[in-house]
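This is what each chain is made of:
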Amino acid sequence: MCSRLRYSQQWTLIRDSNEHKSIRTVLPPGPCVPVSRELLSGLSPIRSLRAVVRETVGHQLLEIWDQHCLRKCLNLTALNKHGRVYDDAQFGCLSWSECENKLLYVAEKSTHDEESDRSVYCEDWGEALTNKSVPVMCVVNMQSGSVSVLQGVPPDVSPGQALWAPGSQSVFFVGWYHEPFRLGLKYCSNRRSALFKLDLDGNCESLSGDNLSVSCPRLSPDGSTLIYQQGQVFGPHSQCLSLQQLDLKSGKTSTLLDVVNRPHTGEFAGVYEALPPCCWSADSQRVVNSLKSLMSFVWKLLTVQKDLMVVCCSSPNTPPTLVRHHFYPTCCDIKLCYSYFLSLSSAGLDFGAVLVKPSRLLHEAKIPLVVFIHGLHIIKSFSISLWIFLNFGFFLPPVSLYLVNYRGSTGFGQDSILSLIGQIGSQDVKDVQRAVLTVLRMDNTLDPKRLAVIGGSHGGFLSCHLVGQYPEFYKACAARNPVINAATLLGTSDIVDWRYTSVGFQYSYDQIPTAEALAAMLEKSPIRHAAQIKAPVLLMLGGRDKRVSPHQGLELYKALKSRALPVRLLWFPEDGHSLSRVDTQVDCFLNTVLWLQQHL
C-alpha cells in the first residue's frame, strides 16, 4: 500500500557581507524530519514562531513552536467553536498578526447549536471540496488561548484566503457568492467573488467591483499595497487574469497587469496561475509570479523570501527540482533533453507542441509516437511519472512522446481560450491531428503506423474523439476520467456552467435544459463516434469524481464491450477527478505503460 509521506528539511544560506544580493555559501542541510499529519503551518513575522495545525486521533490541534520546543498547544476540536479547519489552497489560510498575538484561519461553521434534520441536503463546493460548505473566519488569541468566530460576513458569501490588514484590527478576505447555489470551485477562476475588508467589530465592506471573479490577495511587505487577481464570471473556467493593485492609503484601485488577448511571439502572454503566498520583493516594488517559460522546460515560483526565489523546475529529462535564484534569474540550470518545439498557427492564433525523443536509439527502426493531451491547461510541469515514463526505458523498443497545446489551452492569450467556445470536439481535435501530421512529415524516424494517444479530463475527451474520428490512424488509447457524453454529464457535473458554455450557449443559474442544447452537447461528444473506434481503449476512472462522473467512462466501456472491442477499465473508488492518490498514480502509470506496450 503506497502512501504520501511529507518531510521537512532546513537549509542555512550565508550572504556575502559586501554584496547582500549574493550568497557566499550554503551550509549542509539539516536532517529530514517527518511532518506527521500537518495540515497547515505558518511562520510569525518577528520571532519566527511556527504555528502548526495538526490532525491526531480525530482531533485538530494548534501548536506553537519556537526554535527549541513546543510553546503552546490548543485542542481546536475540544473547544467546539467551529468544525474542521480548512487546509485546502482554495479557502485555507494561517495568518499571524503583526504583534504575533493573534492567528487567523478558516474553518467549517459549527452546527452543534443549530437544530437541523440530518437528512436535509447540504451543498458543497464540488470536486476536491466535498466536505466544505459554510466556511467561517476564526481568530485565536495567543495570550488567553481563546478562539472567536468573526462576525459580519455577508450571509450570501463564503469567506476564504484571509489575511490581516495593517495594524491587525481588520482582515482582508475573498468572498465567493453561494446563492442561488454553489458551483465547483477548484480549477475555476470564473466564480463570482469579491475582495472584502472586515474589522473586528463586524463592519464589512467590499473593495472590488461587482460581478467579477477575485482571488489571491497579497499584501506588500511595507503594508502600503494589496494586489489581487481578477477575471470574468462564467465563460471558460480557466482564463487569462488581470492583476489589480489597491493603494491602501488612497483607497484607489488600478490595473497592474491587464488581460492579454493575443500576445506576440516572445512577449508576455498573461497571468493564468494563482499567485504564490509570498510573491513581493523585500522593497515592495516588484511582484513575481510566472518566470520565463519555454515549452521544453517549466518554471513554477513557490515563494519569495527576502528577494530569494524558490522555484520548482522541470523538463522532460529532469524531474521537479528546487532551484534558488535572486531577482531575476539570468540563466537556467536545467539541461534540456533531445526535444524540439513545433509552432503552429490557425486563424491568427498560435498553438504548439513539444516532441520528446530518446537520446539514443537502439537500432535504426522507426519508433512509435505517443501523443499526450492535457485537459485545457498548458503543461505546467513535467511530473515524476512523466519523467520516469521518458527516462527509465519502460518501453522496449523506446517511444517518442508528443505534448500538444491546442487552441483553447491557457498560456496563449485570452483570444485563444475563447476560440474554443462552441468548437469543442472539432477545433481542438483538428489542432491535435494537424500537429501530429506535421511532426510525422518533419521527422522520418517516427513510425506513422504505431501511434497512440493518452490524456485526462478534456485530454481524455480528445483522446476518445481522435480514436473515433480517425479509427485507422491511432492504434491504442488510454484515457483518465474522460468526458464521453456531454448531454448525460449535464446533471452530474459540479461545473454545469461549462457544459453549456463549451457548446456555445450562455449560462444562467435558472437554466433549464432544452432539446437544442442537449442535441448540441451530444453532437460534440466522443460517444457519437464510438461505433467507429477500432483502437484498444484503457479507461481509468475515479469513483468520487464530482467534475466528470465516472459513469461517463462506463458509457464508453459498455459501447465498446457490446462490439467485442478490446477495452479495459480501472476503477479507483476512493479517488476523484485528478486520480492523485499515490497508489492510484502508480497503478495508472504502470497499466498505461503495459497497455501501450501490448498494442503498439
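Scroll up to find the structure.
Residues numbered from 1 in each chain as written. Predicted model: local features only at pLDDT ≥ 70, side-chain atom pairs only at ≥ 80, totals over all residues. Heavy atoms only, no water.

S.K.: Just to check I follow, could you spell out the pairing of strand β8 (residues 70-75) for this structure?
M.R.: Both strand β7 (residues 59-65) and β8 contribute to a ladder of five bridges, which runs antiparallel. Bridged to L62 within β8 is L74. Two successive antiparallel strands, β7 and β8, enclose a turn made up of four residues. (Pairing = 2+ DSSP bridges. Helix = DSSP H or I, 4+ residues; strand = E, 2+ residues; numbered from the N terminus.)

S.K.: What should I look at first to understand the pattern of salt bridges in this one?
M.R.: Pairing between side chains of opposite charge can happen when the charged atoms of each approach one another. Inspection of every chain in the model, using the stated rule, returns 21 salt bridges. The partner of K357 in a salt bridge is D443, and the shortest N-O contact between them spans 2.8 Å. Separated by 86 residues along the polypeptide, K357 in the loop between β25 (349-356) and β26 (367-373) and D443 in the loop between α4 (427-442) and β28 (446-456) bring together distant segments of the chain. For the pair shown, K357 and D443 are each scored as buried. The closest approach of N and O atoms between D431 and R407, which form a salt bridge, is 2.9 Å. Here R407 lies in the loop between β27 (400-405) and α3 (414-418) and D431 lies in helix α4, a separation of 24 residues in the sequence. Across this residue pair, the class does not change: D431 and R407 are buried. The network of salt bridges with common partners includes E38, R50, R54 and E63. (Salt bridge = Lys/Arg side-chain N within 4 Å of Asp/Glu carboxyl O. Buried < 20%, exposed > 50% of the residue type's maximum accessible area, 1.4 Å probe, protein only.)

S.K.: Whenever I open this one, helix α9 (residues 551-561) confuses me. Can you help?
M.R.: Since the α-helix packs 3.6 residues into each turn, any two residues three or four apart lie on the same face. The complete set of buried residues in α9 reads Q552, G553, L554, L556, A559 and L560. Looking at the buried positions of α9, the neighbouring elements they touch are α5 (458-469), α6 (486-489), β30 (537-542) and β31 (567-572). (Contact = heavy atoms within 4.5 Å.)

S.K.: Mind showing me how you'd approach the side chain of Q433 here?
M.R.: Note that Q433 resides in helix α4. In this structure, Q433 is in contact with L466, Y470, F473 and Y474, ignoring residues within four places of it in sequence.

S.K.: Sorry, what's going on with the pairing of β28 here?
M.R.: Working note: regular strand, side chains alternate between the two faces of the sheet. Burial within β28 is extensive, with eight of its eleven residues counted as buried. In terms of strand pairing, β26 meets β28 through six bridges, oriented parallel. Note that in β28 the partner of V371 across the bridge is V453. As paired elements, β28 and strand β29 (residues 476-480) share five bridges and run parallel to each other. Looking at the pairing, V453 lines up with C477 of β29. Once you follow β28 into α5 and on to β29, the crossover reads as right-handed. (Right-handed = clockwise from strand over helix to strand, strands pointing away.)

S.K.: Explain the packing of α4 against α5 here, please?
M.R.: Helix packing geometry: the angle between the two helix axes and the distance between the axes. Interaxial distance between α4 and α5 falls to 10 Å at its minimum, and their mutual angle equals 70 degrees. Between α4 and α5, the interaxial angle falls into the category roughly perpendicular. Counting all contacts with α4, which are made through D428, V429, V432 and Q433, the residues of α5 involved are H458, F461, L462, H465, L466 and Q469. (Axes fitted to C-alpha atoms, helices over the stretch in contact; angles between N-to-C directions. Parallel < 35°, antiparallel > 145°, perpendicular 65-115°, else oblique.)

S.K.: Please explain the packing of aromatic side chains as it appears in this structure.
M.R.: Two descriptors summarise a pair of aromatic rings, namely the distance from one centre to the other and the angle between the planes of the rings. For the structure on display, the rule yields eleven aromatic pairs. Their ring planes at 75 degrees and their centres at 5.6 Å tell us that Y86 and F91 sit as a pair that is edge-to-face. Overall, Y86 belongs to the buried group, its relative accessible area being 1%. Seen in terms of ring centroids, F173 and F196 are 5.2 Å apart; in terms of plane orientation they differ by 15 degrees. Their pairing is stacked. (Phe/Tyr/Trp six-rings, centres within 6.5 Å; stacked < 30°, edge-to-face > 60°.)

S.K.: What should I look at first to understand the sheet that holds strand β18 (residues 225-231) in this one?
M.R.: Strands sit in the order β17-β18-β19-β20 across an open sheet of four strands; the sheet is antiparallel. Edge positions in the sheet fall to β17 (213-219) and β20 (253-257), since each of these pairs with one other strand and no more. Across the sheet, the axes of successive neighbouring strands diverge by a mean angle of 30 degrees, strand direction being ignored. Alignment of strand β19 (residues 242-247) against β20, held across four bridges, turns out to be antiparallel. Paired with Q245 across the two strands is S254, which belongs to β20.

S.K.: Teacher, can you tell me more about α5 here?
M.R.: Taking 1.5 Å per residue, twelve residues should reach 16 Å; α5 reaches 16 Å between its end C-alpha atoms and fits that length. Restricting attention to buried positions, one finds in α5 the residues H458, G459, G460, F461, L462, S463, C464, H465, L466, V467 and G468. The elements touched by buried residues of α5 are β26, α4, β28, β29 and α9. (Expected span 1.5 Å × (residues − 1).)

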